[in-house]
Amino acid sequence: QVQLVESGGGLVQAGDSLRLSCAASGRTFSSFAMGWFRQAPGKEREFVAAINWSGSSTRYANSVKGRFTISRDNAKNTMYLQMSSLKPEDTAAYYCVADSPSRYGSSRYEDYGYWGQGTQVTVSS
């Protein structure tokens, strides 16, 4: 029903900014809660940010709060993760996720039924 494709990852230096995009297909995009997870080599997948169906509510992991901003443009069927003041510890594969509105804010990846393929973000020191 929903297909998610991340883009925008790349190699950057510490302190730089980067914006990730998640393009979603499906006519019900606007009704989905969405979010971002990331997974670094040798580490568990961790919650990054979440956004409700309308974009009016957001939630962030403490590790990225104040530096990352999640947003969505339902007209474009796209969700974004604006990352600023990037740190080497932000290096990871970033995945966008989606599920029903009731899943909004969940930090458990198991609660999301749709996942993208991931986009790699590497931050050099």
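Anything mentioned here points back to the structure above.
Note on numbering: residues in each chain are counted from 1, in written sequence order. It should be noted that, the model being predicted, local features are given only for residues of pLDDT at least 70 and side-chain atom pairs only at 80 or more, the latter also being counted only at that level, while totals for whole chains, interfaces and linings use all residues. In computing side-chain values, all of the structure's heavy atoms are included and hydrogens and water are not.

**Q** Quick rundown of the overall build of the chain? Include the residues and the values.
**A** Secondary structure elements are taken from DSSP: a helix is a run of H or I of four residues or more, a strand is a run of E of two residues or more, and numbering for both begins at the N terminus. Across its full length, the chain carries zero helices and 11 strands. Counting helices and strands in the order they occur from the N terminus, the chain gives β-β-β-β-β-β-β-β-β-β-β. Taking 2.2 N^0.38 as the reference for a compact globule, 125 residues should give roughly 14 Å; the C-alpha atoms of the chain span a radius of gyration of 13 Å, in line with that estimate. Reported as C-alpha extents along the three principal axes, the dimensions of the chain are approximately 40 × 25 × 25 Å. Only protein chains enter the accessibility calculation, which uses a 1.4 Å probe. A residue is then buried if its area is under 20% of the maximum for its type, exposed if over 50%, and partly exposed in between. Residues classed as buried in the chain amount to 45% of the 125 residues present. A separation threshold of at least 6 residues defines the contact pool for the chain, and within that pool the share at least 24 residues apart is 59%. Each accessible area is a Shrake-Rupley result for a 1.4 Å probe, and residues are judged covered by the shown protein chains and nothing else. Put simply, the chain shows about 6,200 Å² of open surface, and 45% of that area lies on carbon and sulfur atoms. Side-chain charges in the chain split into 13 positive and 10 negative, and the spacing between the mean points of these groups amounts to 4 Å. For the radius of gyration, the atom set is restricted to C-alpha positions; the globular benchmark scales as 2.2 Å times the number of residues to the power 0.38. Residue contacts are counted whenever heavy atoms from the two residues lie within 4.5 Å of one another. In this count, Lys and Arg are taken as positive residues and Asp and Glu as negative ones, while His and the chain termini are left out. Charged side chains are reduced to one point each, which is NZ for Lys, CZ for Arg, CG for Asp and CD for Glu.

**Q** Break down the pairing of strand β5 (residues 46-51) for me, with residues and values.
**A** Counting buried positions along β5 yields five of six residues, so the element is predominantly enclosed. Note on pairing: two strands pair once DSSP finds at least 2 bridges between them. In terms of strand pairing, strand β4 (residues 33-39) meets β5 through five bridges, oriented antiparallel. In the sheet register, tryptophan 36 faces β5, and the bridge partner there is alanine 49. Between the end of β5 and the start of strand β6 (residues 58-60), which pair antiparallel, lie six residues, with glycine 55 showing a positive phi angle near 90 degrees.

**Q** Give me the lowdown on the side chain of threonine 91, citing residues and values where you can.
**A** You can see threonine 91 is positioned in the loop between β8 (78-83) and β9 (92-99). For threonine 91, a relative accessible area of 19% gives the class buried. Residues contacting threonine 91, with those up to four places away along its chain left out, are Ala40, Gln120, Val121, Thr122 and Val123.

Read these as geometric descriptors, not functional statements.
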